[in-house]
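What follows is each chain in one-letter form.
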Amino acid sequence: MKIAGVVLAAGVGKRMNSSLPKVLHKLHGTTMLQHVLNTLNELKPQKIVVVAGKYYKEIEESIIQTNPPIPCPTDDRRAPLLKVGTTRNRGGKVGLLRTQNSKLIFAQQKEAKGTGDALLKALPSLSGFKGTVVVINGDTPLITRETLKKFLKLHENKNDVISVLSFMSREPDSYGRIIRDNAGYITSIIEEMDATYLQKNIREVNSGVYAIESDALYLLKDIKLNKIKGEYYLTDIICVARDNGIKAGAYCIGSEDEFIGVNTREDIEKARQLMRHRIIKRWMNRGISFIDAASVFISSDVRMGRGTTVYPNVHLEGNTKIGKGCTIYPNVRIQNSIIRDGAVIRDSTLIEGSVVKDRAVVGPFAHIRPGSKIGTDAKIGNFVEVKKSVIGSGTKASHLTYLGDAKIGKDVNIGAGTITCNYNGYKKHITAIGDNVFIGSDSQLIAPVKIGKGSYIGAGSTITKDVPSKALALSRIEQKNIKKWALRRKSKVKS
Ligand code: UD1
Ligand code: CA
């Protein structure tokens, strides 16, 4: 079965009351549109056409920006850079889509003249395609691959020319009702606004998913304007088909939880909760322990290894990968980062765009800023900030430290209060520290500076020059003890 997908995303989304286009509202870190595209892409379509409207530019940008590669300084064999497929259509637009190499094409519906008109605008991008066109509304983010596959199988087995996926709704008001004849065939889809009192009682509704054979797409041109709404309804293709002697199928195989169409902010919150349950359940089934799953947020792109434990109030965002047997303690936020097997992220830590290698321990209260790499068995302790720095294996910075633009070797000890002074007001400079160095507490390393292998920096030093390997560098002034000074001061104050 050859498939092409069309996602309708050109609606204005008035009911959201937002300046952001509706389909770009996010659910667990991913836009509604991208959720639909990801699911559709799993059917391995030959191409996907996204129909965008007034917010064409924003929609195109959002897809291109999805899942940026993880920004690491020295990258890493196992970094999960996503495969990207690109294409250029006749309109000269570039599309990017993650995973397989499906082609993504953008079509424009300049004025939101209804779903029927939107699909019509996709036709030039479908020319030359022969097969089944799967049409999906861009505001149904919870749709699953399994249901779509089941639907397409039914469509194929029944030799349908047009089919609609339907579901039973507890609150059908915002959906088109499925009208069937006595033999059970679908004869039309009626929107709430056009429905009679009796039709309003029907609970079987249109999900907004259709399978249409490419040969039947010409029927779209016969859809008449709905005068009440001033739109061309795609749903009217059923009546047009019937008038042309073509029977349509309607398969009630969806569930309301999967086909919630997001029109309002209330709907998006409902969808978010449903997706949250789905994500947490998936990770539980894959061997993740949650101490309080209800307080944990996991983006849909996050991946985790078996035996990892997640404590309350943890946020795992973006393209984050957590290895096996990790422990993520309470109040941690990890964004677009890789945490390797056995690593421990202690309480109240923020990790952004970085890699934490096997068995490293980070936190509590640590901030790992983008472009950092924390080595195997390394330790980054409380109130330590690391920015765009490589920390070697076994290296420890346990307390109150700033490491910025630093390249630090193996088994280095960074004393409490150490600061790499990487910025002179104009430029950032590098601090390079060799293996087995010992940096005494409260030292400032004024970059650019190199600290040679195995050397020592005396506590309280301000280092402005390179330090040779195995040397001791000291820059503090010698201590002076003034005997009985305190007694003399006391008598002075009294008199
Ligand atoms: C639509 C269906 C309804 C179905 C419901 C399922 C029609 C007329 N009604 O209603 O039967 O039960 O979806 O969720 O189709 N769009 C465009 N261009 C437009 C208008 C809309 O691309 O001119 C896009 C929107 O961005 C959206 C999708 O089409 O992603 C559906 O539009 P929406 O206005 O939300 O339709 P509903 O009223 O929900
Ligand atoms: Ca809708």
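Owing to the predicted nature of the structure, the values given are computational and were not obtained by experimental measurement.

Undergrad: Can you walk me through the environment of Lys 453 in this structure?
TA: In this structure, Lys 453 sits in the loop between strand 40 (449-451) and strand 41 (456-457). Taking the C-alpha atoms as reference, Lys 453 lies 24 Å from Arg 359; in sequence the two are 94 residues apart. Excluding anything up to four places from it in sequence, Lys 453 contacts Gly 434, Asp 435, Val 437, Ser 469 and Lys 470.

Undergrad: What am I meant to see in the packing of aromatic side chains here?
TA: Aromatic rings in a pair are described by how distant their centres are and how their planes are angled relative to each other. This structure, assessed with the given rule, holds 7 aromatic pairs. Measuring from ring centre to ring centre gives 5.2 Å for Phe 167 and Tyr 175, while their planes differ by 80°; the resulting arrangement is edge-to-face. As far as burial versus exposure is concerned, Phe 167 and Tyr 175 are alike and both buried. Between Phe 438 and Tyr 456, the ring centres sit 5.7 Å apart and the planes meet at 25°, which makes this aromatic pair stacked. Taken together, the positions of Phe 438 in strand 38 (residues 438-439) and Tyr 456 in strand 41 put the pair 18 residues apart, joining distant regions of the chain.

Undergrad: Which parts of the structure should I look at to understand the site of ligand 1?
TA: Near ligand 1 you find 23 residues, and of these Gln 109, Gly 114, Thr 115, Glu 191 and Asn 206 are the closest. A distance of 2.9 Å is found between an oxygen atom of ligand 1 and a backbone nitrogen or oxygen belonging to Gly 176. Here an oxygen atom of ligand 1 sits 2.6 Å away from a polar atom, N or O, in the main chain of Asn 206. Here ligand 1, which alone exposes 760 Å², has 93% of that area covered by the protein. Comparing atom positions with the cavity grids shows ligand 1 to sit within the largest pocket. Contributing elements (two or more residues each) for the shell around ligand 1: strand 1 (3-9), helix 3 (115-126) and strand 12 (204-213). In terms of residue class, the shell around ligand 1 is built from 7 nonpolar, 11 polar and 5 charged.

Undergrad: Explain unusual backbone geometry to me, please; I cannot follow it from the model alone.
TA: Leaving glycine aside, a negative phi is the common case for residues, and trans is the common case for peptide bonds. Residue Pro 364 follows Gly 363 across a cis peptide bond; omega there is 5°. Omega for the bond connecting Ala 447 with Pro 448 falls within 30 degrees of zero, at 0°, which places this linkage in the cis form. If you trace the backbone, Pro 448 turns up in the loop between strand 39 (444-446) and strand 40. For Asn 336, which is not a glycine, the phi torsion comes out positive at approximately 40°. Tracing the chain through its elements places Asn 336 in the loop between strand 23 (333-335) and strand 24 (338-339). Classification of Asn 336 by relative accessible area gives partly exposed; the value is 25%.

Undergrad: What should I look at first to understand the coordination of the calcium ion (ligand 2) in this one?
TA: By definition of the ideal shapes, a tetrahedral metal site with four donors has angles of 109.5 degrees and an octahedral site with six donors has angles of 90 or 180 degrees. Donor atoms from the polypeptide that coordinate the calcium ion (ligand 2) comprise Asp 139 (OD) and Asn 263 (OD1), at 2.2 to 2.4 Å from the metal. Taken together, the residues span a long stretch of sequence, with Asp 139 in the loop between strand 8 (132-137) and helix 4 (145-157) and Asn 263 in the loop between helix 7 (256-259) and helix 8 (265-285) at a distance of 124 residues. Taken as a pair, Asp 139 and Asn 263 share a single burial class, namely buried.

Undergrad: I'm lost on the confidence of the model for the protein chain in this one. Help?
TA: Where the model shows low pLDDT, its predicted coordinates should not be examined in detail. Counting all residues, the mean pLDDT for the protein chain is 92, and 93% of those residues have values of 70 or more. Taken as a whole, residues 67-101 scores under 50 in pLDDT and shows 82 contacts with residues more than four places along the chain or in a different chain.

Undergrad: When you look at the nonpolar core in this model, what are you seeing that I'm missing?
TA: Soluble globular proteins tend to pack their nonpolar side chains together in the buried interior. Counting 91 residues, the largest nonpolar core has Ile 59, Ile 298, Ile 374 and Ile 380 as the members making the most contacts within it. Per element, the largest residue contribution to this core is 6 residues, and it comes from helix 8. Setting aside chain neighbours within four positions, we find Ile 298 in contact with His 28, Ile 279, Ile 280, Trp 283, Phe 290, Met 304 and Leu 316. Counting 35 residues, the second largest nonpolar core, distinct from the first, contains Val 6, Val 133, Ile 162 and Ile 237.

Undergrad: Help me out: how do you make sense of the pairing of strand 1 in this one?
TA: Two faces make up the sheet, and in a regular strand the side chains alternate between them. Of all 7 residues that make up strand 1, 7 are buried, and the element is covered over most of its length. Of the two faces of strand 1, both are covered, the one formed by Ile 3, Gly 5, Val 7 and Ala 9 as well as the one formed by Ala 4, Val 6 and Leu 8. Note that strand 1 and strand 8 share 6 bridges and pair parallel. Among the inter-strand pairings, Val 6 is bridged to a residue of strand 8, identified as Val 135.

Undergrad: Looking at this model, I keep getting lost on the sheet that holds strand 21 (residues 321-322). Mind explaining?
TA: The strands making up a sheet are joined through hydrogen bonds of the backbone, oriented either antiparallel or parallel. Spatially, 18-21-24-27-30-32-34-37-40 is the arrangement adopted by the 9 strands of the open sheet, whose pairing is parallel. Among the strands making up the open sheet, the edge pair consists of strand 18 (303-304) and strand 40. Of the pairings in the sheet, the one linking strand 24 to strand 27 (residues 355-356) comprises 2 bridges and is parallel in character. Within strand 27, the position partnered with Ile 339 by the bridge is Val 356.

Undergrad: Help me out: how do you make sense of the pairing of strand 12 in this one?
TA: Extensive coverage of strand 12 is indicated by the burial of 9 of its 10 residues. In the sheet, strand 8 pairs with strand 12 via 4 bridges, with the strands oriented antiparallel. The residue of strand 12 that forms the bridge with Val 134 is Ala 211. Here 7 bridges tie strand 9 (residues 162-168) to strand 12, and the two strands are oriented antiparallel to one another. By the bridge assignment for strand 12, Ser 166 is matched with Asn 206.

Undergrad: Can you help me understand the layout of surface pockets in this one?
TA: It is the rolling of a water-molecule-sized probe over the atoms that shows where space remains empty. What the largest pocket holds in volume is close to 1,100 Å³. What lines the largest pocket is a set of 38 residues, and nearest its centre among them are Arg 15, Thr 115, Lys 229, Glu 231 and Asn 263. Elements represented by at least two residues in the lining of the largest pocket include exactly strand 1, helix 3 and strand 12. No other element matches strand 12, which puts 4 residues into the lining of the largest pocket. Split into classes, the residues belonging to the lining of the largest pocket amount to 13 nonpolar, 16 polar and 9 charged.

Conventions and cut-offs
- Residues numbered from 1 in each chain as written.
- Chains lettered and ligands numbered in written order.
- Predicted model: local features only at pLDDT ≥ 70, side-chain atom pairs only at ≥ 80, totals over all residues.
- Heavy atoms only, no water.
- Helix = DSSP H or I, 4+ residues; strand = E, 2+ residues; numbered from the N terminus.
- Contact = heavy atoms within 4.5 Å.
- Phe/Tyr/Trp six-rings, centres within 6.5 Å; stacked < 30°, edge-to-face > 60°.
- Buried < 20%, exposed > 50% of the residue type's maximum accessible area, 1.4 Å probe, protein only.
- Near = heavy atom within 4 Å.
- Polar contact = N/O pair within 3.5 Å; in protein donor to acceptor, adjacent residues only side chain to side chain.
- Areas by Shrake-Rupley, 256 points an atom, 1.4 Å probe, with all protein chains shown as cover.
- 1 Å grid on protein atoms, 1.4 Å probe; cavity = no way out; pocket = protein on both sides within 12 Å on 5 of 7 lines; lining within 4 Å.
- Sits in = over half its atoms within 2 Å of the grid points.
- Nonpolar A, V, L, I, M, F, W, Y, C, P; charged D, E, K, R; others polar.
- Donors = N, O, S within 2.8 Å, 3.2 Å for Na, K, Ca; no water.
- pLDDT = per-residue confidence, 0-100.
- Core = buried A, V, L, I, M, F, W, Y, C linked by side-chain atoms within 4.5 Å.
- Pairing = 2+ DSSP bridges.
- Points joined across faces, edges and corners; volume = space filled by probe spheres on them.

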